[in-house]
Each structure stands twice: as structure tokens, then as C-alpha cells.
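# Chain and residue survey
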Amino acid sequence: MLAKVFSYGICGLDAYPVTIEVDVAPGLPSVAIVGLPDNAVKESKERVRAAVKNSGYEFAADRITINLSPADIKKEGPSFDLPIALGLLAATGQIPLSRLGDYAFLGELSLDGDIRPIQGALAVALSIPKGQFQGLVLPTGNGAEAAVTRQIPVYPIRSLTQAVHFLSCPEPPPALHIDIAGLFSRANQYPVDFSEIKGQSHVKRGLEIACAGGHNVLLVGPPGSGKTMLARRIPTILPDLTEEESLETTRIHSVMGLVPQEIGLVVTRPFRSPHHTSSDVALVGGGSVPKPGEVTLSHNGVLFLDELPEFNRSVLESLRQPLEDHHVTVSRASRTSCYPCRFMLVCAMNPCPCGWFTDPRKACHCNPAQVQRYLSKISGPLLDRIDIHLEVLSLPPQDMLGNTGSESSRDIKKRTVQARGIQLDRLRGSGIYTNAQMSHKQIRKFCNVSGEGENLLRRAVEELGLSARAYDKVLKVGRTIADMEGKDAVQPEHVAEAIQYRCLDRNWWG
């Protein structure tokens, strides 16, 4: 007897339909899975066998053939366990065939028949055309994640027995409903706040400008000056994720199995901080079976690279194209995958190998050649793509020991949101949202400077040796500072402040 069950597989960040055909025929007992299965799919026959028996059903002692169609696409992961088990029970007449084709099924089976969460549930829910199925049946742990799309009714189940009961009932139970607005209000909280940071007012000002315009930042300072502490609080002053951005981000994290089950939605800006031993594949994505990297996991959020010079040079150079194009294309012989990566890059580093070059209280033991060699680990083209360089000095004793309150993230966030609103109105219809994303044509249109401002830029180019890209970065930062003050034109004081945020371009460094 032949039974058909419908499911979905994951390719990159997208899902594709898979029809699972189960044929049970007389013959020597055997189970064959065809249709380009990977090892996890091949091993599903043992999981299904144990789950069926331990759930109180009969596993047929016949010749069983399981086909995963389309047969020319490699099937990966354990999410086909549940549909294979249901197809087997239907092919042996243990459950009715009538409602099997009305739903799509996903789930990994444990040996006792429980259903474990799988990866990519949100991508599947977004890929199912409206009206094609009456619902999506999947593990309870993925229910909230898939239900946030509101595109298809979602029915979470806990076990194979519950799935059989679901198909046997004439009327399905109520579909899972998720209150997205309630999720944002409850879960959109951060455990850290800018009010916890003492002093460093000039650095906070630079970070506020960076967040207001979406600019990349480099923090340079001695050990213990607070670079990491400052970086970890950057998401708290970025504008809240919109529902569209939240779904984009959750889709990426869903494919990687990183969505919190109790929430089912990423409602705060991602903050990714890979170790400096990470490879280029781990950072930008790839592998024999292409997977997203850290730049994609930080989409709509922050990618923080601590101890920047300690990263392998080739790893850092691989960031240049994602920073420009805001997507990563991974090509393999079998397929090409494109991953979005619109993120804010935040880097931190010491000013020299010993770390004390800029510290007024501790002596630096590095000679100029060592300092230059250390700084040269970061290439000029990569440095050009970082808009703002901030010097983070050691905290003076009076600031360290004092109890002076600092401005909270909530107050700073109000100003960044206001500046982002001005940029959204200006760039409406262009497909970009921040000053940092402006093209050269848009820079010429929106970043007009007066005669005195032009003189400042000319001197900066001559004395600091700014490249054309760095020149554009200064104009973009100046435009953001003007937006924060509500000015229509970029004034000379805005240009001057933008220029001072290029400390690594100064000839005296090192």
C-alpha cells in the first residue's frame, strides 16, 4: 500500500516542499530510503522503528521503500522523522489516509515517540503558500516560532501518539495563536544599561552618533578602559526591531536552531561576539554544506570583534565585501546561497602590543616599530570601511570612585530614534534606512557643506591622507551629527567633529 505525506526541507535560508512516499510491499523485511538522504535522514529508519513500537503501533515486517521527492535535492536533518512515521502507519492501514494530505508535517522522533524541536520552522511557515494546506503540524518547541507568521494555522504536538489522535479526530483542535505585540512588550528588555558606565562621555557621544546613523565603530584603548563594556550596551540605544526586521532575524536564527523556544521570536537586536580564533567560514558563512556565518547571525544587529588585531588577516579581509554589499553569496557546485548581513560593525583593540601606549599612568614598553607592526595587522581598506574611531582612555580615579549618575540607555535611545526618523523621511523609497548606507550620489545630494566646511575637509585630506572612501565616511558622519541637531545642512562644526573621529588616520599615532 502506498501513502504520501507532505513536508519541507531547508536550503540556505529558504524552505522547499518535499513529498514523502512510503510503499509497503510483501517481501523480505527491509527499509530503504531513497531521494538523496544525508546520514541523519538515513538513520531515521531506526528512530522511526523504535518510536512506532514504543508508541504501541506495529512496525511492518515487509519490504518498505521510502522516497523523498524531489530526488535530485539533498535532504538534510532529522525533521522528516514524523512524516515518515505517519506515512508508514498510513501505508499499513493503522491510521486513515483521508486527512494525511491536508497538512504539512515536521519533527524529529525520539525512541519513546516524543517529538523533538527541529531547525528552520519559521522558514517553513513563511514558505508555505496560503491555502495550500489546512495547517502545519510540528513539535511543541517550535510552535511559537512558526505561529508568529500568521500565514498558516500551526498545530504543535508532543508525541507520535498525539499526532495520530490529531489525524483521527474529525475536527482539528484550535490552532496556536501568538500575541506578537505582547511578546515585544514582555521580552524587549536588555540586562545592561549605559547608566552603569562611569565617565567616558566623549566615547558615549561617539557611540550615540554611530547608532543614530548606523555607522561602524572602532574602539581603541588600554586594557580595562571599558571597551567591551561599552560595546555590549550599544544594542540598548539602537531603535527597536520592527516586526519585519524581527521576522527576518528570527528566520536566520531559526535555520541555525537559535530561537528561544519560550518566546519563538527574536525581539531584541542581535549581538554577536565571535572569538578571535574564528575562521573565515565561521565569520562570513560557507562550508561544504553552506551555512550562515556570524555576519548573517548579526543581521539587523551588532557584530562585535574584540581584540581585532588578533584575528587572522584573511578572516578580517573577508569582511570587506559584506560591509559594502550587505549580503554574502556562497557558491558551491550543487547550489548558490545568498545570506543577508546588514549589521553594525563594532571593533575593539589595544593601541599597541603591551596595551599601554595611550595610558597616561602606565609606561608603554613598545618601540615605534612594534606599534606600527601591531596596527598594520588591520589593513587600510578595512580601516576605511570603519566610519568612527574612538579613543577610550583609562578612567580617572575620581570617576572610578565617584557615584555620579550617568545617562540611561532609554534617554540616549530617544535621540537616536529621532535622528533615524529624519533619515527615514529623507531616504524614503530608496531601499536604505540610514546615513551609513548612502551611495556616493546620495552623499552629493544630501551632504552639502559650506565653504568653511569644505576648507576643513581639504585640510583633513591633505594632512591625514584620507582616501576617497574615508572622505565619504566623514561626510556621512557629519550628516548624522546634523540630523541629531535637527539641521538641514551640514555645518562646519559637524564636519570638524566628524574629522576628529578618525584618530587612526593621524600621522602621530605610533
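First, a word on what this report is: a plain description of the structure on this page. (Residues numbered from 1 in each chain as written. Predicted model: local features only at pLDDT ≥ 70, side-chain atom pairs only at ≥ 80, totals over all residues. Heavy atoms only, no water.)

## Points about the pattern of salt bridges
The tally for this structure, following the rule as stated, stands at 22 salt bridges. Note that arginine 342 is salt-bridged to glutamate 248, the shortest N-O span being 3.9 Å. Of the two residues, arginine 342 sits in the loop between β14 (336-340) and β15 (344-349) while glutamate 248 sits in helix α10 (residues 243-255), which places them 94 residues apart along the sequence. Looking at arginine 342, the relative accessible area reads 24%, which means it is partly exposed. Of the charged contacts in the structure, one is a salt bridge between glutamate 317 and arginine 320, with a shortest N-O distance of 2.3 Å. Each of Glu208, Glu407 and Arg415 takes part in salt bridges that share partners, so that together they form one network. (Salt bridge = Lys/Arg side-chain N within 4 Å of Asp/Glu carboxyl O. Helix = DSSP H or I, 4+ residues; strand = E, 2+ residues; numbered from the N terminus. Buried < 20%, exposed > 50% of the residue type's maximum accessible area, 1.4 Å probe, protein only.)

## Things to note about the packing of helix α8 (residues 201-213) against helix α21 (residues 468-484)
Packing of α8 against α21 brings their axes to within 9 Å, and their N-to-C directions diverge by 95 degrees. Looking at the two axes, α8 sits roughly perpendicular to α21. Two secondary-structure elements touch here, α8 through Arg205, Glu208, Ile209, Ala212 and Gly213 and α21 through Val477, Thr480, Ile481 and Met484. Of the residues belonging to the contact of α8 with α21, the class tally is 5 nonpolar, 2 polar and 2 charged. (Axes fitted to C-alpha atoms, helices over the stretch in contact; angles between N-to-C directions. Parallel < 35°, antiparallel > 145°, perpendicular 65-115°, else oblique. Contact = heavy atoms within 4.5 Å. Nonpolar A, V, L, I, M, F, W, Y, C, P; charged D, E, K, R; others polar.)

## Some remarks on α21
Over its 17 residues, α21 extends 25 Å from the first C-alpha to the last, a length consistent with the 24 Å expected when each residue adds 1.5 Å. Taking burial as the measure, the 17 residues of α21 include 13 buried ones, the bulk of the element. Once α21 ends, the next one or two residues include glycine 486, with phi positive near 75 degrees. (Expected span 1.5 Å × (residues − 1).)

Structural measurements only, silent on function.
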